[in-house]
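This is what each chain is made of:
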Amino acid sequence: MAKITFIFFLSIFFIGELHSKNPKDEFTLISKTLVWDSGKHCAFTDMVEWKGTIYLCFREGSKHVPLKVTDYGAIRILSSSDGINWKEFEYIEDSVNDLRDPKLFVTPSGQLMLLCGYSKLINGKLKLQGTLYSFLTHDNYFLDLKPIIDNVEHTSWLWNMAWSDDCGYGIAYKGGYKAVLLKTTNGINWNVVTDFDLNGSVTEAALQIVNKEMKVVLRRDKMETLIGESIYPYLTWSWESIYTRLESPCILPINKKQSLLAGRCIYNNSRETSVFIINKDNSLKRIFTLDVIKKGDSAYPGIVKLKNTSDFLVSYYTGDYGKASIYVARIRKR
C-alpha cells in the first residue's frame, strides 16, 4: 500500500475568477470545429501526434449506455495532417463487447498503441470485463484487440496511462475496490506498483511524468477531485483536494512549470468542458470554457500540441444521451 500524505487547502480561486475572461498574454481560442457528426452517439475522445499526423479516436454507438447488444459501441479513428481537415482512418468493432473510452499513445519504441475498456451485457446490466490493447501495424491498421495481462486481484479498468523512459504507468480502478498503480514495459503485461487507500469512489485518472516526477489528477464520483504527486519509484504519495469536481481529466505538460488540464467541471448543475493551466504547485487557472450543457453529457477531452507551432488541439464531445458529436478546439499560446 502506498504511503499517503493528504494536504487539504482552501482554494485561492473564487468562483468569479473561474468564470473570468481568458487571461491576457497566455492563450487565445482560435476555433471550435465540429469534426464528426455521423454516428448516433459519439463520445469519449483522445488524440495523439505520431509521425507528423494527428490521430483522433472516440467511441461511436447507438446510445451512451447500451440496452441491447446491437447498441454496443465501436471505436472510430480519424486522422489529420493539419488539425483542420480530418479523414476516416479506421473503425474497430467487437460484436460481443461494448468498447469504451479509447486512448492512443506512442510507445518508447515508436509504436502507436491503443487502449480501451470493454464491457458486456449480462442479465440486462452492463458489466466491466477489463481493458483491451492493440498496436498499429506497418500496413497501417490496428491488430485485433486483446485483453491486457495484469496481476490485479479483481477485474479492473486501466482508463489511461503515461510513458516515462522505457516504462508505462497507469491507474486501474473498479467500483468498491482500491485503485491501483500499474507498471508495464510493453503495454501488454502490467504489474501492481502500489494501491491507494483513498476516500470516495475513485475512477478516471490522468497522469503526467516529467523528470521522474508523477502528477495524477484523479476523479472521485460526487466528490472533489484529487491531485496526487510522487517521485520514482512512486510508492509514497501526497494528495491535495481541489476546489471542484473535474471529471474525465486530461493533462499535457507545456513546460517544466506548467501543464494544460482539461475535463468536465460540474458547476451549478451544469457540465462545463473547461481548459485550465495547472502550475507546478498545483494552483489552477481556468482559461477557456469550451462547452456548457445542462442536460446530457460532454467533455472527455484529448490534448495534443501541433509541431512547429504554438497551437494546441483539444478534442471533446457534447450532446444528449441519444445524440452526441465530436468537436476539436484550437488554442494558441501567445
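Notes on the structure follow. Just so we're clear, the structure is a prediction, and the values are computed from it rather than from any experiment.

### Regarding the sheet that holds strand S7 (residues 98-106)
Through backbone hydrogen bonds, the strands of a sheet pair up, either in parallel or in antiparallel fashion. Here we have four strands laid out as an open sheet, ordered S7-S8-S9-S10, and antiparallel in their pairing. If you trace the sheet from one side to the other, it starts and ends with S7 and strand S10 (146-147), each paired once. Of the strand pairs in this sheet, S7 and strand S8 (residues 112-122) are connected by seven bridges, and their pairing is antiparallel. Counted as the bridge partner of Asp98 is Ser119 from S8.

### Side note on the environment of Leu218
Structurally, Leu218 can be placed in strand S17 (residues 213-220). Setting aside residues no more than four positions away along its own chain, Leu218 makes contact with Leu198, Val202, Thr203, Glu204, Ala205, Thr225, Leu226 and Trp239.

### Quick notes on the state of the cysteines
As used here, a disulfide is simply a covalent bond connecting the sulfur atoms of two cysteines. Evaluation of the coordinates by the stated rule reveals zero disulfides. Unpaired in this structure, Cys57 has its nearest cysteine sulfur neighbour in Cys116, at a distance of 9.2 Å. Cys250 provides the cysteine sulfur closest to Cys265, a residue in no disulfide bond, and the two sulfurs are 14 Å apart. Judged by its relative accessible area of 1%, Cys265 is buried.

### Description of the nonpolar core
Nonpolar side chains tend toward joint burial in soluble globular proteins. Core analysis: the biggest nonpolar cluster contains 22 residues, and Leu56, Trp86, Leu313 and Ile326 have the highest contact counts within it. When residues no more than four places from it in sequence are discounted, the contact partners of Leu56 are Val35, Thr45, Asp46, Met47, Arg76, Ile77, Leu78, Trp86, Ser315, Ile326 and Val328. In this structure, Tyr169, Val216, Leu226 and Tyr234 belong to the second largest nonpolar core, which totals 19 residues.

### Quick word on the sheet that holds strand S13 (residues 167-173)
With mixed pairing, the five strands of this open sheet are ordered in space as S11-S15-S14-S13-S12. Unpaired on one side and paired on the other, strand S11 (149-150) and strand S12 (157-164) mark the two borders of the sheet.

### Considerations on the packing of aromatic side chains
For the coordinates displayed, the defined rule picks out 16 aromatic pairs. Ring geometry for Phe196 and Trp239: centres 5.5 Å apart, planes at 85 degrees, overall edge-to-face. Placement of Phe196 in strand S15 (residues 189-196) and of Trp239 in strand S19 (residues 236-241) is noted, with a sequence separation of 43 residues between them. Residue Phe196 is classed as buried on the basis of its relative accessible area, which comes to 2%. Measuring from centroid to centroid gives 5.7 Å for Tyr316 and Tyr327, while their planes differ by 15 degrees, and the two rings are stacked. Taken together, the residues Tyr316 in strand S25 (residues 311-319) and Tyr327 in strand S26 (residues 324-333) connect sequence positions 11 residues apart. Overall, the relative accessible area of 24% leaves Tyr327 in the partly exposed class. What links up through ring pairs into an aromatic cluster is the set Phe44, Trp159, Tyr300 and Tyr317. For the cation-ring pair, Lys103 lies above Trp159, with the distance from its terminal atom to the ring centre recorded as 3.9 Å. Taking NZ or CZ as reference, Lys305 lies 5.8 Å from the ring centre of Phe312, over its face.

### Some remarks on the pattern of salt bridges
Counted according to the given criterion, the structure contains 21 salt bridges. Where Glu247 meets Arg245, a salt bridge forms, and the shortest distance between an N and an O atom there is 3.1 Å. In this structure, the salt-bridge partner of Asp311 is Arg330, at a minimum N-O distance of 2.8 Å. In this pair, Asp311 sits in strand S25 while Arg330 sits in strand S26, placing the two residues 19 residues apart along the sequence. A relative accessible area of 2% means that Asp311 is categorised as buried. Connected via shared salt-bridge partners are Glu204, Arg219, Asp221, Arg245, Glu247, Arg264, Arg271 and Asp297.

About the criteria used
- Residue numbering note: each chain is counted from 1, following its sequence as written.
- Per-residue local features of the predicted model are confined to residues with pLDDT of at least 70, and side-chain atom pairs are confined, for both listing and counting, to 80 or more; whole-chain, interface and lining totals are unaffected and use all residues.
- No hydrogens and no water enter the side-chain calculation; it runs on all heavy atoms of the structure.
- Between any two strands, at least two bridges found by DSSP are needed for them to pair.
- Helix and strand labels come from DSSP, where a helix needs a run of H or I of at least four residues and a strand needs a run of E of at least two; each type is numbered from the N terminus.
- We call two residues in contact when some of their heavy atoms are within 4.5 Å.
- By definition, disulfides here are pairs of cysteine sulfur atoms that lie within 2.5 Å.
- The buried label goes to any residue with under 20% of its type's maximum accessible area, the exposed label to any with over 50%, and the partly exposed label to all in between, with areas taken from a 1.4 Å probe on protein chains only.
- Residues enter a nonpolar core if they are buried and are Ala, Val, Leu, Ile, Met, Phe, Trp, Tyr or Cys, with the set joined through side-chain atoms within 4.5 Å.
- Only Phe, Tyr and Trp rings are paired, with Trp represented by its six-membered ring, and only when their centres lie within 6.5 Å; those with planes under 30 degrees apart are stacked, over 60 edge-to-face, the remainder tilted.
- Note on geometry: a ring has a charge over it if NZ (lysine) or CZ (arginine) is within 6 Å of the ring centre and within 35 degrees of the ring normal.
- Each salt bridge in this description consists of a side-chain nitrogen of Lys or Arg and a carboxyl oxygen of Asp or Glu lying within 4 Å of one another.

By themselves, these are just geometric observations and shouldn't be taken as functional.
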